[in-house]
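Residue-level structure breakdown
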Amino acid sequence: MVREEPLRIRRRILIADDNAEIHEMLGDFFMSEGFEVVHAFDGEEAIRQTAENRPHLVLLDMRMPGEDGLNVVRRVRETDLDTAIVLYTAFGSEALGLEALRAGADDYLKKPVSLEVLIERVNAVIIAKEGHNVLRHRAEQRMRESEELYRATAAELAGRVATIDVTQEIARAVLSDLDLQAIAHTIVTQWRRLLPYDRAYIVLIENNRTNCVVLATYADDIGDSVEGWRFPLADTLLANVGQDRQPLRIADLHSQPELPAFAQRIARAGLRSLLIVPVLVRDRVVAGIHLSGFEPSTFTSRHEELATELVGTASIAIQNALLYRDLRESYKSLERAQVELLRKERLAALGQISAVMAHEVRNPLGVIYNSLGAFRKLLPPGGDAQLLLSIVEEEADRLNRIIGSLLDFARPTTLELTPGDLSALVEDVVRGAVTDSAYRPSIEITAEYLHQPNGLLFDVHLVRQALINLLQNAFQAIEGRGGPGRVALRTEDAEIEGRPYVKISVSDTGGGIPDKVRERIFDPFFTTRTMGTGLGLPIVKRVVEDHSGILQVETRQGEGSTFSILLPRAPRSP
Ligand SMILES: Nc1ncnc2c1ncn2[C@@H]1O[C@H](COP(=O)(O)OP(=O)(O)OP(=O)(O)O)[C@@H](O)[C@H]1O
Ligand SMILES: [Mg+2]
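1. Re the overall build of the protein chain
Per the secondary structure count, the protein chain includes 14 helices and 16 strands. Radius of gyration (C-alpha) of the protein chain: 51 Å, far over the 25 Å computed for a compact globule of 574 residues. Across its three principal axes, the protein chain shows a C-alpha extent of roughly 175 × 45 × 45 Å. By sequence separation, contacts in the protein chain at least 24 residues apart represent 66% of the contacts at least 6 residues apart. Looking at charge distribution, the protein chain has the averaged site of its 66 positive side-chain charges lying 7 Å from that of its 83 negative ones.

2. Some points on unusual backbone geometry
A cis amide bond links Lys 111 to the next residue, Pro 112, at an omega of -5°. With respect to the helices and strands, Pro 112 occurs in the loop between β5 (107-110) and α5 (115-176). One non-glycine residue, Ser 297, lies in positive phi territory at about 50°. In this structure, Ser 297 sits in the loop between β11 (284-293) and α9 (301-378).

3. Examining helix α12 (residues 460-481)
Over its 22 residues, α12 runs 32 Å from end to end, which matches the ideal 32 Å to within 8%, given 1.5 Å per residue. Listing the buried residues of α12 in full gives Leu 462, Val 463, Ala 466, Leu 467, Asn 469, Leu 470, Leu 471, Ala 474, Phe 475 and Ile 478. By the N-cap criterion, in which a side-chain oxygen at the helix start approaches the backbone nitrogen of a residue two or three places on, α12 is capped by Asp 459, the distance to His 461 being 3.1 Å. Just downstream of α12 lies Gly 482, where phi reads positive at about 70°.

4. Quick word on the environment of Ile 183
Along the chain, the position of Ile 183 falls in helix α6 (residues 180-190). Judged by relative accessible area, which is 2%, Ile 183 ranks as buried. Sequence spacing of Ile 183 and Tyr 369 is 186 residues, and the spatial spacing of their C-alpha atoms is 73 Å.

5. A few points about the sheet that holds strand β3 (residues 57-61)
Within a sheet, neighbouring strands are paired by backbone hydrogen bonds and run either parallel or antiparallel to one another. One open sheet holds the five strands; their spatial order is β2-β1-β3-β4-β5, and the pairing between them is parallel. Edge strands, defined here as strands with exactly one partner in the open sheet, are β2 (36-40) and β5. The sheet shows a mean angle of 20° between the axes of neighbouring strands, direction not considered. Bridging between strand β4 (residues 84-89) and β5 involves four bridges; their strand directions are parallel. Bridged to Leu 87 within β5 is Tyr 108. Helix α1 (residues 20-32) rests against β1 (12-16), β2, β3 and β4 of the sheet, and its axis sits at about 165° to β2.

Reading the values: the criteria
Residues numbered from 1 in each chain as written. Chains lettered and ligands numbered in written order. Predicted model: local features only at pLDDT ≥ 70, side-chain atom pairs only at ≥ 80, totals over all residues. Heavy atoms only, no water. Helix = DSSP H or I, 4+ residues; strand = E, 2+ residues; numbered from the N terminus. Rg over C-alpha atoms; globule rule 2.2 N^0.38 Å. Contact = heavy atoms within 4.5 Å. Lys, Arg positive; Asp, Glu negative; His and termini not counted. Charge placed at Lys NZ, Arg CZ, Asp CG, Glu CD. Expected span 1.5 Å × (residues − 1). Buried < 20%, exposed > 50% of the residue type's maximum accessible area, 1.4 Å probe, protein only. Polar contact = N/O pair within 3.5 Å; in protein donor to acceptor, adjacent residues only side chain to side chain. Pairing = 2+ DSSP bridges. Axes fitted to C-alpha atoms, helices over the stretch in contact; angles between N-to-C directions.

Shown next, in the form of structure tokens:
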């Protein structure tokens, strides 16, 4: 308790003595000197009165019933350093007086003492005590302040150490891991040690900068898990962050008038506050770390600063992982290009051999056909000999077909792209199909044309060849099941990875393709039919690839198959 009243204020003195006469005498005296006087007649009372009345000075008799003066000094000093205490002792007990000073008394007087001396000493002690108290209080205040400073510094230091710890752990993840997903998980879990979020999402902007994907989440429970979610960049606040490259802090999502879809979803899950920190790679925002809390104003500017500090290491980690991913993708496409090159080389070699073979085989075939004609004339009609001749002729036809297919497959093609009429072509193919040897009247053929007839360039001859091959396979699959069936052709518009295509599909109700067969149907010369050459589908594939198109196969065991040719459509001219 600080008493900084000016001196002219009335001072209070407590006289503690068991002698009533002394009380009377000293009381009158101090009152005449302008003091307010309080009385105590034993030690206990002296202690109580000191606590209650807080006198400026206690004049204490050494010898009193109960607690003696010395003990009173000790007990008062346990809680009170401010009150001045002066002891007076009987003659001859100086040792006791010294003891009292040690216990915390401010002065001691030996009886008898003149009133003049008494008042002089009392005033001097009060003034000295007051000065002392001011200095002591100031020192205490300083001590308290430096203690607070020390505590704050210690807390700040502990915070720093924790930050360094987490940063190091993320740095370790950088070195030990190159997998984007794993790094993202490390970030959302490690950051939780420093930042008070309830939920976190790392959203990566895809290379095309129109879409983004949720890489990792912390305690994800907004409906179904959103990890792996892909959505337009415009559906997130990340689009705003991407522009000014600064963190975005929203104190309460619920008081925002308009929110993009992803932020709305976060808000619907009961989350109120949001802090988005951009991840920059070469000055470009590549991802956003979304931190979110159930309470409004979860994040302070200090949190924002901390997250901005932490995001540096996170950016390096993510950048490395992205580079690694790109590298891996380049390797893969290089590998694909190599395989393709090898295939092309093989096909070129096959083409050369086929040309020679076709020439070598077709000449003797011509001779066989001529001889067959001569034989037919020589032999009487009907009979076994004519039957045998028919067999020879059929086999010769087959050989001729094989050579034809081989040439189709292996001949280096030059595409003749023209803006042909696809519907007319399909109709033509359907009309011709009924004359195919594999066609049976129990097979129903339907055709639907749903595509827009513009912007499509294709080689009419090659696409016709591909469609005929698919139809033949469809007929043969239905025939293989023995019974009626249906083949449906359909043309329609399609879009794959944002690019426009026209899709021509051939569906059949043949029994589907078993997995073991499915793996090999595009291998040249692979066939499951006794009369097949195994070149039908490889030719289809080749035609599609020459058009930079896509060939899709869907098949359901026991139900049927659909082969679809997707031909790229030129982008529509404005
Ligand atoms: N629509 C289909 N339904 C079921 N299986 C099919 C279908 N199309 C192809 N296959 C399977 O794929 C194999 C290869 O077909 P591909 O057209 O390449 O050769 P092929 O028909 O056997 O002989 P060809 O050279 O005379 O066409 C076929 O033998 C058949 O087993
Ligand atoms: Mg075939």
